[in-house]
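Each chain, letter by letter, is given below.
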Amino acid sequence: MTLRAVLAPLVAGTTWRRGVFLLLGGVLALPYGLLAVTFAQLLADSAIPRPLVYVLLLIAVLIAVVPLLLDGSRALEIAAVRALLGVDLPEPAPGHHGDRETRLRSALWIATHLIVGALVMIALFSALPMALAFIAQQFGIGTELTGREQFGPLDGQDSGWLTLTGVLLLVALGYAVAGLGALAGSMAPVLLGPAQAERIAALEARAARLAERNRLARELHDSVGHALTVATLQAGAAREVLDTDPEFVRRALTAIEDVGRTAMDDLDHVLGLLRENGRDRPVVAPQRTLADLDRLVTDARAAGLTVHAQRAGDPARVPAVVSREGYRIVQEGLTNAARHGHGPVTVRLDLHSDALELELVNAVRHPDRGQRGRGGRGLDGMRERVLLLGGRLTVGPDGDRWLIRARLPYEETT
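Residues numbered from 1 in each chain as written. Predicted model: local features only at pLDDT ≥ 70, side-chain atom pairs only at ≥ 80, totals over all residues. Heavy atoms only, no water.

1. Some words on the overall build of the protein chain
Check the secondary structure of the protein chain and you find twelve helices and seven strands. A buried classification covers 35% of the 414 residues belonging to the protein chain. If you take every contact in the protein chain between residues at least 6 apart in sequence, the share linking residues at least 24 apart comes to 71%. When the accessible area of the protein chain is evaluated, it comes to approximately 23,900 Å², of which 63% is carbon and sulfur surface. (Helix = DSSP H or I, 4+ residues; strand = E, 2+ residues; numbered from the N terminus. Buried < 20%, exposed > 50% of the residue type's maximum accessible area, 1.4 Å probe, protein only. Contact = heavy atoms within 4.5 Å. Areas by Shrake-Rupley, 256 points an atom, 1.4 Å probe, with all protein chains shown as cover.)

Structure (structure tokens):
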């Protein structure tokens, strides 16, 4: 082991930061030390009634213990550990109140931090000035402080030994701070780390964030993908008859404008959701539901797709979440039919008292391959929507046709 490796803990930045962390505990321990001195004087004064002192002592102990058990104290300690000890502790779960085991671990950590910090501060205030005085007298500085004193077997005449003792005190103090800081860093995850309930809460929050991201991705894919498909088909058809049928071109441009506006509204809705965490009252555009199905079918027909729509039941009695997901499934089915299908599309919706049943059927250009095979984000999005609602989905080739059949259960609204 080289000299550089031996001295590395004494000059490392982590040691200094850990020393600051330990001293912070000593600073926080000062009020407790003042209380201890005050009550020691009260107990030593026979003129003060002992029962009164004991009552005040009990109240002071209760007040002193309360901060050790507060969630805020734990959060502050976690912040200090992350900043000064370099330990990557997770933030406490929002809205989660620690259980008894977590509070006790936190209280033990804070109490240990205060005690060790107080000892380090005492050592700095006593050993550090002494070590510097021993070293300084070697250079004729402050000899009046050490010349007439006895330091164990040494006295003011043993300047060489006093200097060596001062250097050893400084080195020992540096290694003590480095060791205590490293020990604190290793113990912090044990005493301040998340409890089982917090880990579960963090996992649930992460799962909720991922689910929300997937939902937003589905919304963008279905809405913008449908709009781009309609706009592309309309633009292609308009280009073919640009010189011979200006009225068709006008209708095509109107359809492109309409689907573009619809896509922009949906995009505003998604952006509103993304900004929701940073705003008190986010502006969110209304989402499409089965009530907008007629317009969806009209847009598909305007894009040149032949659609036969059949509906049985009142969409207003379907819960909003089922109505939204049902609309998106039909939208994705029409988009895929326009991109990959051939011939007319039959859309059938049956709105029962306990479930929404929908079916889309169209011919395919390549029966052996189907419209999108088994993959594709659109089909994956359909499966996720149906799965989240606890429904069933059948999608794939059916002879020379492409079939989408879904059943979304619900409790009927009144």
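Right, picking up where we left off after that structure.
2. Thoughts on the packing of helix H2 (residues 13-44) against helix H3 (residues 50-69)
For the pair H2 and H3, the least separation of the axes is 11 Å and the interaxial angle reads 170 degrees. Judged by the angle between their axes, H2 and H3 are roughly antiparallel. Where H2 approaches H3, its residues Tyr32, Phe39, Leu42 and Leu43 are matched on the opposing element by Arg50, Val53, Tyr54, Leu56, Leu57, Ala60, Ala64, Pro67 and Leu68. (Axes fitted to C-alpha atoms, helices over the stretch in contact; angles between N-to-C directions. Parallel < 35°, antiparallel > 145°, perpendicular 65-115°, else oblique.)

3. A look at the pattern of salt bridges
Two side chains with opposite charge may pair up if their charged atoms get near one another. Counted under the stated rule, the structure contains eleven salt bridges. Here Glu357 makes a salt bridge to Arg407, at a shortest N to O gap of 3.4 Å. With a gap of 50 residues between them, Glu357 in strand S5 (residues 355-364) and Arg407 in strand S7 (residues 401-409) connect regions that are remote in the sequence. Given the relative accessible area of 25%, Glu357 is considered partly exposed. (Salt bridge = Lys/Arg side-chain N within 4 Å of Asp/Glu carboxyl O.)

4. What about the UniProt feature "transmembrane region" (unreviewed entry) in the protein chain?
The feature "transmembrane region" (unreviewed entry), as annotated in UniProt, sits at residues 20-40, 52-70, 108-141 and 161-184 in this numbering. Secondary structure content for residues 20-40 is 100% helix and 0% strand, and the end C-alpha separation is 30 Å. Helix and strand shares over residues 52-70 are 95% and 0% respectively, and the end C-alpha atoms of the span are 28 Å apart. (UniProt positions renumbered as here; feature names shortened; annotations may be inferred.)

5. Some thoughts on helix H10 (residues 293-302)
Among the residues of H10, Leu293, Leu296, Val297, Asp299 and Ala300 are the ones counted as buried. Along the axis of H10, the buried positions cluster into a sector of 160 degrees, meaning they face one direction only. At the C-terminal side of H10, Gly304 shows a positive phi close to 100 degrees. (Arc of directions from axis to C-beta.)

6. Let's talk about helix H11 (residues 320-340)
Along its 21 residues, H11 runs 30 Å from first to last C-alpha, staying within 8% of the 30 Å computed at 1.5 Å per residue. Burial within H11 is extensive, with 16 of its 21 residues counted as buried. (Expected span 1.5 Å × (residues − 1).)

7. Remarks on a nonpolar patch on the surface
Taken together, Tyr54, Leu57, Val61, Val65, Leu69 and Leu104 make up a surface patch of nonpolar side chains, about 490 Å² in accessible area. Within the secondary structure layout, Leu69 lies in helix H3. Under the relative-accessibility criterion, Leu69 is labelled partly exposed at 34%. (Patch = residues over 30% accessible without salt bridge, like charges linked within 9 Å, V, L, I, M, F, W, Y side chains within 5 Å.)

8. Re the pairing of S7
In terms of strand pairing, S5 meets S7 through nine bridges, oriented antiparallel. Within the sheet, the bridge partner assigned to Leu360 lies in S7 and is Ile404. When strand S6 (residues 392-398) meets S7, the two strands line up antiparallel, connected through seven bridges. The residue of S7 that forms the bridge with Arg392 is Arg407. (Pairing = 2+ DSSP bridges.)

9. Brief notes about the nonpolar core
As a rule of thumb, nonpolar side chains are buried together in soluble globular proteins. Residues Leu305, Val330, Leu334, Val347, Leu349, Leu356 and Leu358 are the most contacted members of the largest nonpolar core, which totals 31 residues. Breaking this core down by element, the ones donating at least two residues are H10, H11, strand S4 (341-351), S5, helix H12 (377-388) and S7. Sort the elements by how many residues they give to this core and H11 lands first, with seven residues. Beyond its immediate chain neighbours, meaning those up to four positions away, Leu349 contacts Leu290, Leu293, Gln310, Arg311, Ala312, Val330, Leu356, Glu357 and Leu358. Val81, Val120, Ala184 and Leu192 belong to the second-largest nonpolar core, a separate cluster that totals 20 residues. (Core = buried A, V, L, I, M, F, W, Y, C linked by side-chain atoms within 4.5 Å.)

10. Description of the environment of Leu351
Considering the arrangement of structural elements, one finds Leu351 in strand S4. Of the residues examined, Leu351 reaches a relative accessible area of 12% and is grouped as buried. Distance in space between the C-alpha atoms of Leu351 and Gly313 is 4.8 Å, their sequence separation being 38 residues. Every residue in contact with Leu351, bar those within four places of it in the chain, is listed here: Leu290, Ala312, Gly313, Asp314, Pro315, Val318, Leu356 and Tyr410.

11. Observations regarding the side chain of Arg105
Turning to its location among the elements, Arg105 is positioned in helix H5 (residues 100-137). Polar side-chain contacts of Arg105 include one of 3.1 Å to the backbone oxygen of Gly193. Ignoring sequence-local partners within four residues, the contact set of Arg105 consists of Val190, Leu191, Leu192, Gly193, Pro194 and Ala195. (Polar contact = N/O pair within 3.5 Å; in protein donor to acceptor, adjacent residues only side chain to side chain.)

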